[in-house]
Each structure stands twice: as C-alpha cells, then as structure tokens.
Amino acid sequence: MQGISFQPEQASSIARSVDHLYFFITAVTLFFTIVIFSTIFYFMLKYRRRSPDERPKAIEGSLPLEVLWTAIPTLIVAAIFVWGSSLYFQNSEPPPGAMEIFVTGKQFMWKAEHPEGQREINELHVPLGRPVKLTMTSEDVIHDFFVPAFRVKKDVLPGRYTSMWFEPTKLGTFHLFCAQYCGAFHAGMIGSVIVVEPDEYERWLMGGVQGETMEAAGERLFRENGCITCHLSDGTGPAPSLLGVYGNTVHLTNGQTLMADDAYIRESILSPAAKVVNGYKPVMPSFQGQLSEEQIVNLVAYIRSLGHSLDNAKGKQQEEGKK
Amino acid sequence: MSTATLEPRVQAPRNYLNADYGWKSWLFTLDHKRIALLYMVSITFFFMIGGFFAVLMRIHLIEPQGALVQPETYNKLFTLHGVIMIFFFLVPSIPTVLGNFLIPLMIGARDLAFPKLNLLSWYIYVIGGLFTLYSAIAGGVDTGWTFYTPYSSTYSNTQVTAVVVGVFINGFSSILTGLNFIVTIHKMRAPGLTWFRMPLFLWALYATSIIMTLGTPVLAISLFLLALEHLFHVGIFSPALGGDPLLFQHLFWFYSHPTVYIMILPAMGVVSEIIACFARKRIFGYKIVGFSSVAIAVLGFLVWGHHMFVTGQSVYAGLIFSFLSFLVAIPSAIKVFNWTSTLYKGSISYEAPMLYALGFIGLFTMGGLTGMFLASLATDVHLNGTYFIVAHFHYIMVGGAVMGYLGGIHFWWPKISGRKYPQGWAALAAAIIFIGFNLTFFPQFILGYLGMPRRYAFYPAEFQVLNVMSSAGASILGVGYLIPLIYFIWSMRYGPVAGANPWGAKGLEWQTSSPPPPENFTQIPVVTEEAYAYAAEEKTSRG
C-alpha cells in the first residue's frame, strides 16, 4: 500500500489553470457547506423543543430573503460558468504549429503513430514543452483518452476523428487511462505518456525499427490502391487533383462549400458519394472495409502533405529542390 | 372533522390491513394502500439485490488487482447494480410506495383516479423486474446501466436484449403511475383543498409525474432501437453499419438526466413534510419551494448534453448545456435555504424522521455543490468518467433520494402499520447510515480528482488506501440499512399502537385512523386551512 496524495501531478500547460478553478469551486463548496451546516446546527440547538405544547408563530416567508438567496447563488454560478467556459474555450484549439500524432483505440489497447512513422502501443512518447495534437479514432467501440496529469480527456469514437491537444511541462511517465467503459478488460486499457527532452525525443524517433514515415506509407497506399489512376495531379483525370486541397475550400455538387480537413478526407475515402466535388461524377468506389484505420490516417497524412494550399505546396517543392 | 385519538384496543378497528385476508385479497386488490405495500415489498427486494451487488464490488476493490471476481464478472456486477438500483428501486421508490399510499389520503380522496391502472402498473413493474433478474441468472449483462452504443448494440455478447426488454417493460409502469397521479391531483382534491393549500409533497410528486409521463417514452423508444440493432443489426447506432454512436447518448440522457429529478424531487417533498412537522412550522417560502419543484422538472429536460462534454460535441453546445446545468442548481439551492429557514424560531424535536431529513439536507447540499465541478466545462473535462462522478451522483441518489425515502418510511410508518418503532434503534441506524455513507463516498471524490476512472475492475496500487476506506464505509452502510428492516418487521407485531397522529402532524392523512380504513375517510374532509398550519393548533385543540 502506498500513502494518499490529494492532488494529481500538474504536468501540462493547462493543469495549473484547471486546478485554480477546481480550488475555487472547492472553496465555494466548503463555504456553503459550512454556512448551511452551522446554521442548521445553531437552529437545532437554539430552537430545540423545550415543552411538548410549544406552538411557535408561523412565518410566511420573506421576499427580500428569497431574492437575496436567489441572486447570490446566481452570481456565483455565473462566475464559475464564465471562468470554466473561457478556460475550456481557450483550450479547445491547439496552438499553431502543434506536432501531430495519430492515436487509434482498440479493445483493449492504445496504438499511436508518429508522423515520422514510429509506432508504439500503450505508450506515447512526447517531447517536453511542445504542443502535441492528437487525432484519434477507434476501431471498435467508444474509448476515452485520459491523462490525469495533463487534465485532458476526450472520447475516441469509431467512425470519426476527435482531437485534443496538450503541452507537457514536466519530464516523466504519466498514466494514460481509458475513461469510457469499453468491455471486459476496460481496466487494462491503460498505458503511459512518457515526456522526454526534445533531443531525446528525436533520438527515440530515429531509434528502434525504422519504418517509413506516415506520408511515405500514405503515398505507397495511394499508389497500391489505385487512387493515383484517377486523382491525377494536373487535374485532367476523372477525379479532382488532390494538390493543395487540404485546408482549402471545396465546392460540392450540391452547391455547398466546406473546408477539406481530416474528417472530410476520411469520409471521402469511405463514403465517396456523400460529398462530391463540383464538376465531378460520383464514380469513386468506397474503400469501407478495405483499409484499416491506420492505413486511412496514413492516406490522410499524405494528402495533407500535398499542401494546405497551392502556394504552400509550391513552397514545399522549392524547399525540397534546394535540399 | 378530526378523529378522536384512539385508545389502545384489544380488537383493532376495521382497517385496510385486516379488512380481508388471503393472497387473492392482496394480488387482486384495488386499494391504493395495499398496492403501496406490494410495491414496498418488491422494491425492498430489489434494493437488497442491488445492495448485495454493491457489497461484492466494494469487497472486490479492496485489492488493486481485484480480490474477488474476474473482470467480466465485475463488469456484470456494476451493470446490474446500476440497472436494478435505478430502474427498479430509486425511480419507483417514493412515488410508488409513499405516493401511492399518501396521495389519496393527503387530498382527502378514497383512492387514486384509476385503481385498476394502479394495480396494472405494479404487475408491469414485477414482470419487468423478473425479466431483468432472469437475465442476471442467464449470464448477466456487462454494458453498464447506460447501455452505450456501439458496445451494447454490436460488441457485447451478454444478455443485452433481455435486460433492455425488462427496463422497457418497466417504463410503462412509470408512465401509468405518472398519469394516474396527475389525474388524481387535478381532479380528486377534497373541497377546499386548493393548489396552494396542498402539502409540498404533492407538488413534488406532481412535478415528478410530469417527468415520468414525458420522459419515459423517450427511454422506451431508445431501448427499443437498441434491442433492434442488437438483434437485427439495423444500423442506427453503429458506425460500421452507417449509424451514429452518439445518437444513443443524446436519446438516453434526454430521459436519464430528468430521471435524476424523478428520484430527488419526491425526496425533497418528503423532507418538506418532515421538517414542517418536527419544527412545528409552516415551510418558509411555501410557494417558492413548490414552484422550484416545477422549475427543476422543466429545466431538467434541457441539460442532458452535460453528460457529453468530452464526446467531441461542438464547443457551443457545450457552453449552452453548461449554462443550463448551472441554472438548474439555483432552484435546488433555494429549497435548501428555505428548509434551513423553516427551522428558525421553530420548536424542533429530533425523532428518527427528522434525523433522516436533516441528513438529507446535509448530503444533498454536498451532492448539489459538487455538481458545480461537473457543470463547469474546464473541470468536467478532468473529472468526467472518474470516481468523482460516482461520488457526486451517490450523494444525490443515496445521500438524497434514499435518505428521503427512509425518512418518509419512518415518518409515515405509524400511519401505514398502525404501530410505533423503537426510536433509539432508529436514531442509531440513522447515525450509522450517515457515517457509513460519508466514509464510502467521500474518498471517491478524491479518487476521481486523482484520476481513477470508474468501472475499473482493477486499478493502479496508488489508489488502494482510498478504495479500502470506501469499502470499509460500505460495510458500515450495509449494516445501517439492515437495522431498520429488522425493527420495522418487529414493530408490525410488537410495536406499541401508534394512534391516528403520533407526531402531532398536520395534513389530512393524520386525521383518519391508523392504519386507515379501506375507504380512507368515513366522511370526505373539508379543508379550511393552509398546509402546515402548526401555529393554529392551539386555537383548535384548546379553544
């Protein structure tokens, strides 16, 4: 048996601010608990029945008091609402330049794939002091990625991507829990987030079995599955060129527009007819059941690498040319 | 109008208990009081089964690796504990036992509006319950009482369908009971009993009945869809079949959040009755307390999304649900302040019902305040799905609803049975329950903040000390619950005769004899005064 601690470690950039709110609400809770308990005890003693035929005068109520004890809690909960919401709102989007890792949940393990192609199971290596964005999906039921030391948690759903981010501020190994009941060995779906110095992270990425990067794997899949036959890069094929699609506006046949993001790319691979690009026919076959979630994220990574915009794509090509 | 205090007699006068004997007179009874007793026996049975599962779970969690059963079995234990306690104990408890028994007595009527429907609801409840028990024997179910898809619809190979059918059937019992109560309270009040002369218990049950009637059909249809998908793979919830896994959560919580208020509102009503009686005061701010019940019932339907802050729902949906969840806290706070103020300048005595009522206020206050951590988005992200949630809702459901139910049983037991029970033992049981409860559930707040997820059959060793504390508390709590069972059964035969009104309480139910005659009142009473006219007692009794 180990001793009790009363606070989980603070190991991310937001942990401290979440704890401040936590302590504030604790203080409010304690304050009201003490006020109510001591008032009740005081009344219990002071007004205890002294003779069996006491008949105290009726008190109808008091409008000023009712207004007062409606207004005070309203103000307090309004303050907590604003505080909690603004904190949540600030933390809802990762800062620009966050590195990205793909996470797949599966009964009963966590699989992670780094952009450079390094994979790990039930462990997640991340560099200290760098924002990390996780894009997550599940191969079966709903899971939940929970790192108490980072004060972050997000459901991991089958059939769609969810994302979360954190910036580790402390070296060490921290619990990773599945916080959504997922079946027989739910309690065993735990792992570690290992925070290391950035240069050590780089070494870790290079070490071990050197696989291909996610982009390279995606490019290979793009060829092997015949995507390349129709999605010609010059736009002359029966399917739109994917150069510069990612992160840009796409016009659809139904007149709507949307921003091409991970979820859209994923949907277009699995349900191609759902949102067809204007000017093209719904002729693409579905790859539902033919690609694993990990292969799909590799394809997404490749299509993303084709450029957030054409300018970026050009810039990238030039950069590569210089090398 | 008032009945003379009964002298202890060798031959008890005719009442609903001795009016007829034999099993048929019980199983085919249309008397709301007998049906209430049928419910009391049934829900006590289910409470003991649900409690037994809880005890096994707490024993199992003494060791980090799990001391008692396999993880699969543990998962079935917490699922059946939740299903039985919520659908077969907490939801029906106060409405079907105390509500059934007291609504006609409190409004001066001879029965509920639809006595046959009332008996039918009990039969539906029993059939639903037996179906669920069957599933427990035939292999159990491991989805959690929340039945989240696609685990429940596609992946679980346990008796999901049987349990869902059991809960589905039971839902109709709730709907019929709610309907019966609404009609009865609208149409059958005695002459002079205006809405604002009604005891607050009736206001609370009225609000509860509205939730039951409007909310339960949504649960029924969600479970129906779930069973369809589990059996025939129709593709409503499973993304692999083209469904939406979160749709089920929206549907489920649309009923199951208001359900929390089905459990707590009646308990609040009971507490209002008890505090008024034992402080001999009219409830401070009567109308506001009554309206706050209705406000809770209405707002309760608009907060379901707070169960889904971490599912990836839109940030703006999160903001709105967070806001509404904070709003629903306010009428609850108002009630607590009004109960406390009722004690002011009262004449307070501390018989067992009052101890439970005061225990309720304390534990409900803590349960309600800790709800703020979960309504607030940034803190909920950390606490959602952990033991913090488990502690929070047990403070509301066990600290609140069960304390309210026990308080009500202790308060009206002399009316129900015609007998008194030993006050010393009752006070001791109340104290044991209060201490055992806090020892069980307070450590779970800390566990949750430290990050221990709920529904874990085994856990990292650093959480052991708090788990052992919680398990120790559970065993104390278990003893606390057994004591009343013993002295209530004892009192039915050996308890001193109670008389019509042993507490000197107001309310029409105390004006008829104990136990009441089958027709409740020999003459329908006429109401001439406000509820809780404790101050006026002197004039009438001595004038």
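Residues numbered from 1 in each chain as written. Chains lettered and ligands numbered in written order. Predicted model: local features only at pLDDT ≥ 70, side-chain atom pairs only at ≥ 80, totals over all residues.

**What to know about the overall build of chain A**
Looking only at helices and strands, chain A has 8 helices and 12 strands in total. Its C-alpha radius of gyration of 27 Å places chain A more than 25% over the 20 Å reference for a compact globule of 323 residues. In terms of its C-alpha atoms, chain A occupies a principal-axis envelope of roughly 95 × 55 × 40 Å. A sequence separation of at least 24 residues applies to 66% of the contacts in chain A between residues at least 6 apart. (Helix = DSSP H or I, 4+ residues; strand = E, 2+ residues; numbered from the N terminus. Rg over C-alpha atoms; globule rule 2.2 N^0.38 Å. Contact = placed C-beta atoms within 7 Å.)

**Focus: the overall build of chain B**
The secondary structure content of chain B amounts to 16 helices and 0 strands. The C-alpha atoms of chain B give 23 Å as radius of gyration, which agrees with the globular expectation for 543 residues (24 Å, within 12%). With respect to the three principal axes, the spread of C-alpha positions in chain B is 75 × 45 × 45 Å. Put simply, chain B has 543 residues, and 63% of those count as buried. (Buried ≥ 20, exposed ≤ 12 C-beta atoms within 10 Å, placed from the backbone.)

**What to know about the sheet that holds strand E5 (residues 132-138) of chain A**
Residue and element names in this part refer to chain A. Taken together, the 5 strands give an open sheet; going across it, the order is E3-E2-E1-E5-E8, and neighbouring strands pair in mixed fashion. Looking along the sheet, the strands with just one partner apiece sit at the ends: strand E3 (119-121) and strand E8 (162-166). Strand-to-strand twist in this sheet, taken as the mean axis angle between neighbours without regard to direction, amounts to 25°. One ladder, built from 7 bridges, connects strand E1 (residues 99-106) with E5; its direction is parallel. Bridge assignment links Val-103 to a residue of E5, and that residue is Met-136. Here helix H7 (residues 293-305) sits on the sheet in contact with E1, strand E2 (109-113) and E5, set at roughly 160° to E1. (Pairing = 2+ DSSP bridges. Axes fitted to C-alpha atoms, helices over the stretch in contact; angles between N-to-C directions.)

**Some points on the pairing of E8(A)**
In the case of a regular strand, side chains alternate between the two sheet surfaces. All names here are of chain A. Along E8, 5 of the 5 residues are buried, which leaves the element largely enclosed by surrounding structure. In terms of strand pairing, E5 meets E8 through 5 bridges, oriented antiparallel. For Met-136, the partnering residue across the bridge sits in E8 and is Thr-162.

**A look at helix H4 (residues 115-137) of chain B**
Residue and element names in this part refer to chain B. Here H4 spans 33 Å end to end across 23 residues, near enough to the 33 Å set by a 1.5 Å rise per residue. Listed in full, the buried residues belonging to H4 are Asn-118, Ser-121, Trp-122, Ile-124, Tyr-125, Gly-128, Gly-129, Thr-132, Ser-135 and Ala-136. The elements touched by buried residues of H4 are helix H2 (32-60), helix H3 (71-107) and helix H6 (160-187). Within two residues after H4, Gly-139 carries a phi angle of roughly 115°, on the positive side. (Expected span 1.5 Å × (residues − 1).)

**Here's the deal with the sheet that holds strand E10 (residues 191-196) of chain A**
Residues and elements named next belong to chain A. If you trace the 5 strands from one edge of the open sheet to the other, you get E4-E10-E9-E6-E7, paired in mixed fashion. In this open sheet, the two strands that pair with only one neighbour each are strand E4 (123-127) and strand E7 (152-156). Direction aside, the axes of adjacent strands within the sheet are offset by 25° on average. Relative to strand E9 (residues 172-178), strand E6 (residues 143-147) runs antiparallel, the two being bridged by 2 bridges. Across the sheet, residue Phe-146 finds its bridge partner in E9, namely Phe-177.

**Description of helix H11 (residues 352-375) of chain B**
Here H11(B) contains 24 residues, and its C-alpha end-to-end distance of 34 Å stays within 8% of the 34 Å for a straight helix at 1.5 Å per residue. Within H11(B), 23 of the 24 residues are buried, leaving the element largely enclosed by the surrounding structure.

**Thoughts on the interface of chain B and chain A**
Contacts between the two partners involve 78 residues from chain B, matched on the other side by 70 residues from chain A. Of the residues in the side of chain B that touches chain A, the class split is 47 nonpolar, 22 polar and 9 charged. (Nonpolar A, V, L, I, M, F, W, Y, C, P; charged D, E, K, R; others polar.)

**Structural notes on the domain arrangement of chain A**
Residue and element names in this part refer to chain A. One can read the domain layout of chain A as domain 1 (99-206) and domain 2 (214-322). Residue-level contacts link 10 residues of domain 1 with 9 residues of domain 2. Contributing elements (two or more residues each) for the side of domain 1 that touches domain 2: E1 and E5. Looking at the side of domain 1 that touches domain 2 residue by residue, the classes come out as 3 nonpolar, 4 polar and 3 charged. (Domains from an automatic or database assignment.)

**Here we look at the packing of H2(B) against H3(B)**
Residue and element names in this part refer to chain B. Contact geometry for H2 and H3: axes closest at 8 Å, N-to-C directions at 155°. When the axis of H2 is compared with that of H3, the two are roughly antiparallel. H3 is crossed by H2, and the crossing has left-handed handedness. A class-by-class count of the residues in the contact of H2 with H3 yields 24 nonpolar, 7 polar and 1 charged. (Parallel < 35°, antiparallel > 145°, perpendicular 65-115°, else oblique. Left-handed = near helix turned anticlockwise from the far one by under 90°.)

**Focus: the nonpolar core**
A general tendency of soluble globular proteins is for nonpolar side chains to be buried together. Judged by nonpolar contacts, the single largest core of 255 residues is most densely connected at B:Val164, B:Leu202 and B:Val271. Examining the composition of this core, we find that 22 residues originate from one element, H3(B), more than from any other. A domain split of this core shows at least three residues from each of domain 1 (99-206) and domain 2 (214-322) of chain A. What B:Leu202 contacts, discounting residues up to four positions off in sequence, is B:Ile103, B:Met106, B:Ile107 and B:Ile185. (Core = buried A, V, L, I, M, F, W, Y, C linked by C-beta atoms within 7 Å.)

**Regarding the pairing of E4(A)**
Residues and elements named next belong to chain A. The alternating pattern of E4 places Leu-124 and Val-126 on a buried face, while none of Glu-123, His-125 and Pro-127, on the opposite face, is buried. Judged from the 5 bridges that link them, E4 and E10 form a sheet pairing that is parallel. Looking across to E10, one finds that His-125 is bridged to Ile-194.

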